[in-house]
Amino acid sequence: MKALAYDIEVTRNYFGVCFVDLNHYLEVFKDCVDDKQEAIPLIDKLSVTEIKNRLATVKRYRFSIFEDDDSELYPLLNWLQYEADYFGYNNNKYDRLMLSALLMYYNQFDKPSKLIEFLYDTSQRIIRNSDNDVLWQDNFTNMLMKNRLNFRDLDLFQIFRLDHFHKSLKQTSINIKWYNLLEYHMPPISELDVDYYYRLTENRGLSIEQLNRLYRNSFERYLHPAWKKEMEEYNDNDVFICCELVRMNQEEIRLRYMISKEYEINVLSASRSTIADKVIVKLYSKFTGLHPKRFIDTKTIRRKIEVSEILSDKIQFLSPQLNDLLQSLRSLVLRGEKGEFERTFTYAGTSYTLATGGLHSNEIPAIYVADDKQTIVDRDVTSYYPNLIRSLKVCQKHLNPKAWFRIADTIVDERTEHKHLAKDKSLSLIQQIKHFTAAACLKIVANAGIFGKMGSEKSFLCDKKAMYKVTINGQLFLLMLIERLEDAGIHVISANTDGIVTIVPKGLEETADNICHWWEKHLGLELEFTSYS
């Protein structure tokens, strides 16, 4: 299937769209990689002149309609009949809707000027509704969104969650070090184009100076044919930025194709968080036999949570300091107020902060060196939160426990199995790719879905008591490990949500390992070790 990047520009008398052959773009710039064969910004490899020369060879296709010239309308309509994947930036909420409107209404007008007027009004309506986030509430724009088209849209704005940060294409182009930060500005209204504006009753009698004050936005003006080339260059540049965004993130794009195929869900334009949502819904539906409509709007909302009810009896401290801390936590009642659980304290020379999200140290930046007297060891808990859900039997009040724990088992056990099989050279390449896809998908679900959604009132996984049972016990379990290591003379220099970094003096390696093995057995968890030397 063809892969094309595209972008649409609309003014009061002009409709233009540029398509770029994405695969050809990737081929032209395939050598722009580092020593590890990972994509690097074009400007880090090529001069501006070299970039321009190469871009000039990339296959691109332009179509435009003027108010007095629709000669390219039917070639465009024919082009849109072919199946293809269209990559754009915010295209799911603009460009796709514009093409949908064109396909639905082009035959309703007897003059190009009437069609262009309709397309301009549609563009303004989409922009207004999109700014107010009411595209679905407007029957017209809602209909455009639901219209089935022969092409599929992949929205880079959504894939990389740039919509969450309201990041424009120009801001994104800076982040990927694009060579040409091009803005489009029409020349001021003059004798050349003023007659366009005088056709509007409300403009008659206004001076050119007044018109220039009134029409500040270039895309709310009329495009004179003499300025078409500059508009096309601006349009091309936007499409090339989309191509470059894909080139710099090819693995992310491929992963969405593979997950969509393997799990039979459409995540082509989904962020990692949305992928996690869709996969969990799919799994819960599969394990319960329920249609998503039966559970998607369920959740458990709690007005208060007594910490004493969620603390595990496996928490065992030796020192009076940490036992006092534990006792103070037992008396807490959480009501959702900011900082109500937070505790900052110093233990064995390291400052720590307990919070509802997890434990972290507040160390002063320093340089530590492994030498013949000590080693530096990073100890991380494998799939910490998913494994805590299993070991503590944490389940939301409104969910089916059997189905929920099957999801946790799938994420932890099957992901591990898929990771190993993805590297098994005895399997065919197709089989390895399937296992790689499953492992990558379950990693996304583990990191962005199974735990994080417990605290979101927008998710059917919401139950903050379940969430706190995981996070509060999780950080206290880590404190148990820290306490025993410190008591044995093994200093902890850093701690975060799911791991610690330790300095192990020579001769205490076995002691450290024994403490960690005891902790693993006591809690039913597993630590991964990385030594620095």
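Peer 1: Explain the pairing of strand β2 (residues 14-21) to me, please; I cannot follow it from the model alone.
Peer 2: Regular strands show a simple pattern: their side chains alternate between the two faces of the sheet. Most of β2 is tucked away: 8 of the 8 residues are buried. For strand β1 (residues 2-11) and β2, the ladder comprises 8 bridges, and the chain directions are antiparallel. Each residue of the ladder has a partner; that of Leu4, found in β2, is Asp21. Following β1, the chain reverses through 2 residues before pairing antiparallel with β2. Across 7 bridges, the pairing between β2 and strand β3 (residues 60-66) is antiparallel. Of the residues in β3, the one forming a bridge with Val20 is Arg60.

Peer 1: Before we go on, may I ask you to explain the packing of helix α15 (residues 384-391) against helix α18 (residues 464-487) in this structure?
Peer 2: The description of two helices packed together rests on the angle between their axes and the distance between the axes. Where α15 meets α18, the axes come as close as 10 Å, and the angle between the chain directions of the two elements is 105°. Relative to α18, the element α15 lies roughly perpendicular. Contact residues: α15 offers Tyr384, Tyr385, Leu388 and Ile389, while α18 offers Val470, Thr471, Gly474, Phe477 and Leu478. In terms of residue class, the contact of α15 with α18 is made up of 7 nonpolar, 2 polar and no charged.

Peer 1: Teacher, can you tell me more about the sheet that holds β3 here?
Peer 2: The strands that make up a sheet are held in pairs by hydrogen bonds between backbone atoms, and each pair lies either parallel or antiparallel. Taken together, 5 strands build an open sheet; the order of strands is β3-β2-β1-β4-β5 and the sheet is mixed. With partners counted over all chains shown, the strands left at the sheet margins are β3 and β5 (152-155), one partner each. In this sheet, adjacent strand axes meet at a mean angle of 25° when their direction is disregarded. Across the sheet, helix α4 (residues 95-105) touches β1, β2, β3, β4 (84-88) and β5, and the angle it forms with β1 is around 80°. Contacts from helix α11 (residues 228-247) reach β1, β2, β3 and β4 within the one sheet, and its direction differs from that of β1 by about 140°.

Peer 1: Is there a simple way to think about the packing of aromatic side chains in this case?
Peer 2: How two aromatic rings sit relative to each other is given by the distance of their centres and the angle of their planes. Summed over all chains, the structure comprises 29 aromatic pairs. Plain terms: the ring middles of Phe63 and Trp79 are 5.6 Å apart, the flat faces sit at 55° to each other, and that makes the pair tilted. You can see Phe63 sitting in strand β3 and its partner Trp79 sitting in helix α3 (residues 73-79), a full 16 residues away along the chain. Given the relative accessible area of 11%, Phe63 is considered buried. Assessed through its relative accessible area of 16%, Trp79 is described here as buried. Judged by centre distance (5.3 Å) and plane angle (10°), the rings of Tyr196 and Tyr222 are stacked. Placement of the pair is Tyr196 in helix α9 (residues 194-198) and Tyr222 in the loop between α10 (208-214) and α11, with a sequence separation of 26 residues. Each member of the pair, Tyr196 as well as Tyr222, carries the same accessibility label: buried. Taken together, Tyr6, Phe19, Tyr61, Phe63, Trp79, Tyr86 and Phe151 form an aromatic cluster joined through their ring pairs.

Peer 1: Looking at this structure, I do not really get the packing of α4 against helix α5 (residues 112-131). What am I missing?
Peer 2: Following both chains from N to C, one finds α4 and α5 inclined at 145°, their axes separated by 10 Å at the closest point. For the element pair α4 and α5, the recorded crossing hand is right-handed. Contacts between α4 and α5 involve Leu97, Met98, Ala101, Leu102 and Tyr105 on the former and, on the latter, Leu115, Phe118, Leu119, Thr122, Ser123 and Ile126. Of the residues that constitute the contact of α4 with α5, the class distribution is 9 nonpolar, 2 polar and no charged.

Peer 1: What is the right way to look at the nonpolar core in this model?
Peer 2: Soluble, globular proteins show a tendency: their nonpolar side chains are buried together. Membership of the largest hydrophobic core comes to 85 residues, with the highest contact counts inside it found for Leu476 and Trp519. Considering each element in turn, this core owes the most residues, 13 residues, to α18. Counting residues in hydrophobic clusters, the runner-up holds 35 residues, among them Leu73, Tyr94, Ala101 and Tyr120.

Peer 1: Just to check I follow, could you spell out a positive patch on the surface for this structure?
Peer 2: Together, Lys282, Lys286, Lys402 and Arg406 make up a positively charged patch on the protein surface. Listing elements by their share of the positive patch, those giving two or more residues are α13 (272-288) and α16 (401-422). For Lys286, the position within the fold is in helix α13.

Peer 1: Got a minute to help me understand the pattern of salt bridges in this structure?
Peer 2: Between side chains of opposite charge, a pair can form as their charged atoms come close. Under the definition given, this model contains 27 salt bridges. Note that Lys453 is salt-bridged to Asp277, the shortest N-O span being 3.4 Å. Of this pair, Lys453 sits in the loop between α17 (429-448) and α18 while Asp277 sits in helix α13; the two residues are 176 residues apart in sequence, bridging distant segments of the chain. Ionic pairing is found between Arg484 and Glu483, a salt bridge with its closest N-O pair at 3.4 Å.

Peer 1: Looking at this structure, how should I read the side chain of Thr353?
Peer 2: The topology assignment puts Thr353 in strand β9 (residues 350-355). Within the structure, Thr353 has its side chain in polar contact with the side chain of Thr344 (distance 3.0 Å). Aside from chain neighbours lying at most four places away, what touches Thr353 is Glu342, Arg343, Thr344, Gly358, Leu359, His360 and Asn362.

Peer 1: Please clarify how the state of the cysteines should be interpreted in this entry.
Peer 2: Covalent bonding between the sulfur atoms of two cysteines is what defines a disulfide. Inspection of every chain in the model, using the stated rule, returns 0 disulfides. Free of any disulfide, Cys242 has its nearest cysteine sulfur in Cys243, 7.0 Å distant. Given a relative accessible area of 2%, Cys242 falls into the buried group. As a non-bridged cysteine, Cys395 has Cys462 as the owner of its nearest cysteine sulfur, 13 Å distant.

Peer 1: Help me understand the environment of Phe345, please; the structure alone is not making it clear to me.
Peer 2: Mapping Phe345 onto the fold places it in strand β8 (residues 343-347). For the pair Phe345 and Tyr89, spaced 256 residues apart in sequence, the C-alpha separation works out to 47 Å. Residues within four places of Phe345 in sequence aside, it is in contact with Gln321, Leu322, Leu325, Thr350, Ser351, Tyr352, Leu354 and Leu479.

Peer 1: In this structure, what is going on with the sheet that holds strand β13 (residues 499-505)? I would like to understand it.
Peer 2: Taken in spatial order, the 4 strands line up as β12-β13-β11-β14 in an open sheet, and their pairing is antiparallel. In this open sheet, the two edge strands, each paired with only one partner strand, are β12 (491-496) and β14 (527-532). In this sheet, adjacent strand axes meet at a mean angle of 20° when their direction is disregarded. Contacting β11 (374-381), β12, β13 and β14, α18 runs over the sheet at an angle of about 5° to β13.

Peer 1: I keep staring at unusual backbone geometry and nothing clicks. Help me out?
Peer 2: Excluding glycine, residues mostly carry a negative phi; peptide bonds, for their part, are mostly trans. Positive phi, close to 55°, is recorded for Glu264, a residue that is not glycine. Along the chain, the position of Glu264 falls in the loop between α12 (250-263) and α13. For Glu264, a relative accessible area of 64% gives the class exposed. Non-glycine residue Lys393 carries a positive phi angle of around 55°.

Calculation notes
- Residues numbered from 1 in each chain as written.
- Predicted model: local features only at pLDDT ≥ 70, side-chain atom pairs only at ≥ 80, totals over all residues.
- Heavy atoms only, no water.
- Buried < 20%, exposed > 50% of the residue type's maximum accessible area, 1.4 Å probe, protein only.
- Helix = DSSP H or I, 4+ residues; strand = E, 2+ residues; numbered from the N terminus.
- Pairing = 2+ DSSP bridges.
- Axes fitted to C-alpha atoms, helices over the stretch in contact; angles between N-to-C directions.
- Parallel < 35°, antiparallel > 145°, perpendicular 65-115°, else oblique.
- Contact = heavy atoms within 4.5 Å.
- Nonpolar A, V, L, I, M, F, W, Y, C, P; charged D, E, K, R; others polar.
- Phe/Tyr/Trp six-rings, centres within 6.5 Å; stacked < 30°, edge-to-face > 60°.
- Left-handed = near helix turned anticlockwise from the far one by under 90°.
- Core = buried A, V, L, I, M, F, W, Y, C linked by side-chain atoms within 4.5 Å.
- Patch = residues over 30% accessible without salt bridge, like charges linked within 9 Å, V, L, I, M, F, W, Y side chains within 5 Å.
- Areas by Shrake-Rupley, 256 points an atom, 1.4 Å probe, with all protein chains shown as cover.
- Salt bridge = Lys/Arg side-chain N within 4 Å of Asp/Glu carboxyl O.
- Lys, Arg positive; Asp, Glu negative; His and termini not counted.
- Charge placed at Lys NZ, Arg CZ, Asp CG, Glu CD.
- Polar contact = N/O pair within 3.5 Å; in protein donor to acceptor, adjacent residues only side chain to side chain.
- Disulfide = S-S within 2.5 Å.

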